[in-house]
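# A structural walkthrough
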Amino acid sequence: MQNYFKLQENGSSVRQEVIGGVTTFLAMVYSVFVVPNMLGQAGFDTGTVFLAVCFTSAIGSLIMGFWAKLPIAVGCAISLTAFTAFDLVLGKGLSTGVALGAIFLMGVIFTLISATGVRRWILRNLPAGVAQGTGIGIGLFLFLIAVNSIGLVIKNPAPGLPVTLGDITALPSLLSLLGLAVIFGLERRGVPGGILLVIVALSVFGVIFDPQVQYGGVMAMPSLAKITGGVHHIDIMGALNLLVLPSVLALVMTAVFDATGTIRAVAAQAKQLDSEGQIINGDRALTTDSAMSIVASGLGGSPAAAYIESAAGVAAGARTGLSTVVVGSLFLVMVFLSPLAALVPSYATAPALMYVGLLMLSNVTQLDLNDKVDALSGMVCAVFIVLTCNIVTGIMIGFCTLVIGRVVAGESRKLNFGTVAIALSLAVFYIGGWAI
């Protein structure tokens, strides 16, 4: 291990890597409860999704650790899970099979653009404002999903604005807000696994006091039917429909900005950048996180991506891929704990979703307000994502306002072929009535 992971060269040790890996695992293991809960609301089988999250996180992290040798864990992305459940299935009425097919196509396209270097080209040429705005909008979208799931914000039955305050005195609302506040405190104190601790505490409360939460055991052997559920259910041909392709593009674009930014941020924190500021083994890392979406779709889960929670492990000492191998191994153990997923009510996972959504709002600090056309186009993208509950729509309006704004401002020279081509393509899909 010393030689393979070059621990001494990276100023690390086996003990330090193990501690960092356990810390990362505790920071991101909440996903095995949150993702099944979200997809379950859209009609996915929660048992299959639980195993999909565990296997995707395990396989992706092990490959990232052994091949890319970076302290960056991989798992089913919360933001892309929200897009799958609430936009594709519940919003656009796609079947769960077609949604899995869309994830498969997204994984294929994402892997191709990662392996061929197109992903780097996209990042160099696409507007920063829309990229950051997409992250901000998804954060707001996640927060709205969370508060709606517990009845804190509901559809307005009366004339006026479309949403209104629900029953703030109801137990799910009170518990979720309390849980969110506790997460703030635990994360500020640097308590490892603070999000998980809140989920566990609220779930224990539910087991004791909530009759709707039924205890069904802790351990169980995973069935072959659950493991292969995604393969039998996936509908790739249905996802090739022209009406679905804009959503596939949205998945790809969201993953490009979200996952790539995460990988670079964590790699920089772990001092895994070369003399030119490039990520060491960056191509391997980019290919790993993109290819895992193909695996996730076959397992019946949501798209995969690098987890920003890996930064917690780096802060605890992780510097190499050995820590990520530890993360992957711990997720393999979680495979045998599937009954736990049934013990986690929505008010236990809602605080985690709200917290992740709030963290994504920090992208607003990355907007360059000295370039008003770029920054305001990014904000337009963010606002329309949450107002329409549609990521593709927000991206389309963001791109179009940017291109038109640049032309009117006499800044056409700041546009590039990639930006204009994507804006025109998205506009044609919407004007032609093909977008869903």
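Structural data are supplied above this passage.
Residues numbered from 1 in each chain as written. Predicted model: local features only at pLDDT ≥ 70, side-chain atom pairs only at ≥ 80, totals over all residues. Heavy atoms only, no water.

A few words now on the overall build of the protein. Assigned secondary structure in the protein consists of 21 helices and four strands. C-alpha extents for the protein along the principal axes are approximately 60 × 60 × 45 Å. Counting every position in the protein, which comprises 436 residues, the buried fraction comes to 53%. When contacts within the protein are restricted to residue pairs at least 6 apart in sequence, long-range pairs at least 24 apart make up 80% of them. Accessible area of the protein: about 18100 Å², with a carbon and sulfur share of 67%. Charge centroids of the protein, computed over 19 positive and 18 negative side chains, lie 6 Å from each other. (Helix = DSSP H or I, 4+ residues; strand = E, 2+ residues; numbered from the N terminus. Buried < 20%, exposed > 50% of the residue type's maximum accessible area, 1.4 Å probe, protein only. Contact = heavy atoms within 4.5 Å. Areas by Shrake-Rupley, 256 points an atom, 1.4 Å probe, with all protein chains shown as cover. Lys, Arg positive; Asp, Glu negative; His and termini not counted. Charge placed at Lys NZ, Arg CZ, Asp CG, Glu CD.)

What follows concerns the pattern of salt bridges. Tallied over the full model, the rule gives three salt bridges. Close ionic contact of Lys92 with Asp87 constitutes a salt bridge, the shortest N to O distance being 2.0 Å. Judged on exposure class, the residue Lys92 and its partner Asp87 are both buried. If you follow the salt bridges from partner to partner, you end up with Asp371, Arg406 and Glu411 in one network. (Salt bridge = Lys/Arg side-chain N within 4 Å of Asp/Glu carboxyl O.)

Relative to the helices and strands, Val98 resides in helix α6 (residues 96-115). You can call Val98 buried: its relative accessible area is 11%. As for Val98 and Val244, which are separated by 146 residues in sequence, their C-alpha atoms are 8.7 Å apart.

Put simply, the second largest pocket is a space of about 430 Å³. In terms of lining residues, the second largest pocket is bounded by 15 residues, among which Leu144, Asn148, Val163, Val386 and Cys389 are the most central. Among the secondary structure elements, those contributing two or more residues to the lining of the second largest pocket are α8 (128-149), β2 (153-155) and α19 (372-388). Looking at the lining of the second largest pocket element by element, the count peaks at five residues for α8. By residue class, the composition of the lining of the second largest pocket is eleven nonpolar, three polar and one charged. (1 Å grid on protein atoms, 1.4 Å probe; cavity = no way out; pocket = protein on both sides within 12 Å on 5 of 7 lines; lining within 4 Å. Points joined across faces, edges and corners; volume = space filled by probe spheres on them. Nonpolar A, V, L, I, M, F, W, Y, C, P; charged D, E, K, R; others polar.)

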